[in-house]
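Residue-level structure breakdown
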Amino acid sequence: MMRSARTQMRFARRVILGGCVAAWAMYLVPSGAEAQELLYVASQEEVTVAVIDMSTNRLVTTVDLKELGYPETAKAHHTAVEPDGSFWYVSLIAAGKVLKFDRENHLVGEASFKTPGMLSLDATSDLLYVGRSMAAVTPPQRIGVVHRSDMSIDEVDVFFPRPHALAVDPTGSRFFSASLGQNSVAYAPTGTAEVDLLHLDGVNHMFVQFAVSRDGHWMVGGGQMTGDLIVFDLSGDEPVVVNSVKVGGQPWHPTFTPDGRFVWVPNQTANTVTVVDARSWSVVDVISHPALIEPHGSAISPDGATVYISGRNVAGTYQSAENGVDRPGTVVAIDAESHDVLAVIEVGRYAAGMSAPSGH
């Protein structure tokens, strides 16, 4: 069943305000092809989005969503970016919004959706899929489908509680969502509203997030309760669980390297990042660093050279090295080949979901 809602009229005020607020940052923001070098990191507690230049590993600017009229309690959670970097999106959990910005950080659209969480963009169509936040205890058993051109939104029934993990196959063929409340995965061709359900036996993994390899063959999901990275083979009509890798520490948002060779997994309660070989499905490294604190999101540069991990730092374990900011969120840039830490970028408090353009 699909339901529709239209962009609200009061959005116009925010567009005007957004243009004014973002104007100060325009001179700092690359345009054109350079926009593909930008990484967008949501800071949930501070309600900001950090824009990071991946070519220099430096903070370009910070978009303060509170200055656009959104409340201090809005909770910026996850981002998505067009493949060419032309537009980017952020979900606001408590404000019930998904916002659209252009590459100059002008607010150009918004959609209303109750407790939005994860975002996953279909690069082959106009669709942006939206899950529900973990903070929502009894949200509607539906996910959202935003039409990016006009930010209108439909909803798709998934028939299970607390839909959270979310991914669109990079080839644009199917979308996947999973429940925090039971061992179930919903999947369907993109653009359709009739889902099939896959039920897994055993203890509930509580899938936090999925990642799909660029060729669409493999999908992995991190289980908050089990500490397992579950491997799905997507080559058939139905996803099939073919392996499980013990990574521990509440695996949060995994990322495939562009060549599909490795999966990087932030371990939220272990303060580490696990690197998994996707040929043998075995752990090849576990990375620790003082700035890898409560690791949450992950992303990789379009060329596959650098992996980025966000850290919440809610407990304040990491101390600011630059300006004495209290409990800054962190983004740790890691060389994808040597696994050396290249840079630590301090961002707004409670750094959460992040996204980089896929560049394909």
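Residues numbered from 1 in each chain as written. Predicted model: local features only at pLDDT ≥ 70, side-chain atom pairs only at ≥ 80, totals over all residues. Heavy atoms only, no water.

**A closer look at unusual backbone geometry**
Stated formally: Secondary structure elements follow DSSP: runs of H or I no shorter than four residues count as helices, runs of E no shorter than two count as strands, and numbering proceeds from the N terminus. The rule is simple: take the accessible area with a 1.4 Å probe, protein chains only, and divide by the maximum for that residue type; under 20% is buried, over 50% is exposed, in between is partly exposed.
In this model, Arg162 sits at a positive phi of 55°, which is unusual for a non-glycine residue. If you trace the backbone, Arg162 turns up in the loop between strand E12 (152–157) and strand E13 (163–168). A positive phi angle, near 55°, is found at Asn271, a position not held by glycine. Along the polypeptide, Asn271 turns up in the loop between strand E22 (262–267) and strand E23 (272–277). Judged by relative accessible area, Asn271 falls into the partly exposed class, the value being 29%.

**Describing the sheet that holds strand E7 (residues 97–102)**
Sheet strands pair by backbone hydrogen bonding; their relative direction is either parallel or antiparallel. So the rule is basically this: Should DSSP find at least two bridges between two strands, the strands are taken to pair. Under this scheme, a helix contributes an axis fitted over its contacting stretch, all axes are lines through C-alpha atoms, and angles between N-to-C directions fall in the 0 to 180 degree range.
Here we have four strands laid out as an open sheet, ordered E5-E6-E7-E8, and antiparallel in their pairing. Looking at strand neighbours, the two that pair on one side only are strand E5 (76–81) and strand E8 (107–112), the edges of this open sheet. Taken over all neighbouring pairs, the strand axes of this sheet differ in orientation by 20° on average, direction set aside. Bridge count for E7 against E8 is five bridges, and the pairing is antiparallel. Bridge assignment links Lys100 to a residue of E8, and that residue is Gly109.

**A word on the packing of aromatic side chains**
The test is simple: When the centres of two rings from Phe, Tyr and Trp lie within 6.5 Å, Trp using its six-membered ring, the rings pair. Their planes under 30 degrees apart give stacked, over 60 give edge-to-face, and anything left gives tilted.
In the structure shown here, the tally under the stated rule is eight aromatic pairs. Taken together, a centroid distance of 6.5 Å and an interplanar angle of 25° make the contact between Phe176 and Tyr187 stacked. Of this pair, Phe176 sits in strand E14 (residues 174–179) while Tyr187 sits in strand E15 (residues 184–189), and the two are 11 residues apart along the sequence. The class for Phe176 is buried, based on a relative accessible area of 0%. A residue is classified by how much of its surface remains accessible, and Tyr187, at 5% relative accessible area, is buried. Relative to Phe232, the ring of Phe207 has its centre 6.0 Å away and its plane inclined at 55°; by these criteria the two rings are tilted. Placement of Phe207 in strand E17 (residues 207–212) and of Phe232 in strand E19 (residues 228–233) is noted, with a sequence separation of 25 residues between them. The burial state of Phe207 is the same as that of Phe232; both residues are buried.

**Describing the confidence of the model for the protein chain**
Short version of the rule: Every residue carries a pLDDT, the predictor's confidence in it, which falls somewhere between 0 and 100. The contact definition used throughout considers only heavy atoms, calling two residues in contact when any of these lie within 4.5 Å.
Looking at the protein chain as a whole, its pLDDT mean stands at 90, while 89% of the residues score no less than 70. Predicted confidence for residues 1–33 stays below pLDDT 50, and this span has 64 contacts to residues more than four positions away or in other chains.

**So, the nonpolar core**
The line we're drawing: Side-chain atoms within 4.5 Å link the members of a nonpolar core, which is a set of buried Ala, Val, Leu, Ile, Met, Phe, Trp, Tyr and Cys residues.
Core analysis: the largest hydrophobic core is formed by 20 residues, its most contacted members being Leu65, Tyr70, Trp88, Val90, Leu99 and Phe101. Every element with two or more residues in this core is listed here: strand E2 (38–43), strand E3 (48–53), strand E4 (58–64), E5, strand E6 (87–92) and E7. With residues up to four places along the chain from it excluded, the contact list for Trp88 reads Tyr40, Val49, Val63, Ala80, Val81, Leu99, Lys100, Phe101, Asp102 and Asn105.

**Re the pattern of salt bridges**
Our working definition: Put simply, a salt bridge is a Lys or Arg side-chain nitrogen that is within 4 Å of an Asp or Glu carboxyl oxygen.
Throughout the structure, instances matching the rule amount to 10 salt bridges. Between Glu110 and Lys97 there is a salt bridge; the shortest N-O distance is 3.4 Å. Linking Glu110 in strand E8 with Lys97 in strand E7, this pair joins segments that are 13 residues apart in sequence. When sorted by exposure, Glu110 lands in the same class as Lys97, which is buried. Two residues, Glu155 and Arg142, come together in a salt bridge whose shortest N-O distance is 2.6 Å. You can see Glu155 sitting in strand E12 and its partner Arg142 sitting in strand E11 (residues 142–147), a full 13 residues away along the chain. Accessibility expressed as a relative area gives 14% for Glu155, which makes it buried.

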